[in-house]
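Fold and geometry: a report
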Amino acid sequence: QVQLVESGGGLVQPGGSLRLSCVASGSIFKIWTQRWYRQAPGEQRDWIALITDGGFINYAESVKGRFTISRDNAKNTVYLSMNHLKPEDTAVYYCNADVENSVSHSTQEYWGQGTQVTVSS
């Protein structure tokens, strides 16, 4: 099996910055596309950023120019650097990845447990 664990959330003032990390562990042969989502209270879970194994990157309009996704394949880790944070960025942030299993070589989608980001003065 594969586990994804996020970290780096917390309370930050408007205009501040945070860097989220998501480490994958377990029976990993290859991590294909990695994504970040977020879910505000009472709202649906929304996609905000993705990075492919080949380095293609895309962002939702709501975070474009403020957030940066990156990955370290040697560490099985994806990052989300968040700058110029706004109160409307407050949400639980989830990482998501398509992971090829090292035993079966089947590819499945996995989710982390989420990390809370609160932007407030």
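The structure we're discussing is the one just above.
All of the points below concern the structure found in this document. (Residues numbered from 1 in each chain as written. Predicted model: local features only at pLDDT ≥ 70, side-chain atom pairs only at ≥ 80, totals over all residues. Heavy atoms only, no water.)

Focus on the environment of Ile-28
Topologically, Ile-28 is positioned in strand β4 (residues 28-39). Considered as a pair, Ile-28 and Thr-107 are 79 residues apart in the sequence and their alpha carbons are 9.8 Å apart. (Helix = DSSP H or I, 4+ residues; strand = E, 2+ residues; numbered from the N terminus.)

Focus on the pairing of strand β8 (residues 77-82)
Burial of β8 is extensive: five of the six residues sit out of reach of the surface. Relative to β8, strand β7 (residues 67-72) runs antiparallel, the two being bridged by six bridges. If you follow Ile-69 over to β8, its bridge partner there is Leu-80. Taking the residues that link successive antiparallel strands as the turn, the β7-β8 hairpin has four residues, and the phi of Asn-76 there is positive, at about 50 degrees. (Buried < 20%, exposed > 50% of the residue type's maximum accessible area, 1.4 Å probe, protein only. Pairing = 2+ DSSP bridges.)

Looking at the state of the cysteines
Disulfide: a covalent bond formed between the sulfur atoms of two cysteine residues. Under the defined criterion, the tally for this structure stands at one disulfide. Here Cys-22 pairs with Cys-95 through a disulfide, and the sulfurs are 2.0 Å apart. In this structure the cystine formed by Cys-22 and Cys-95 twists about its S-S bond by roughly 50 degrees; its chirality is therefore right-handed. With Cys-22 in strand β3 (residues 18-26) and Cys-95 in strand β9 (residues 91-101), this residue pair connects regions lying 73 residues apart in the sequence. Given the relative accessible area of 4%, Cys-22 is considered buried. The class for Cys-95 is buried, based on a relative accessible area of 1%. (Disulfide = S-S within 2.5 Å.)

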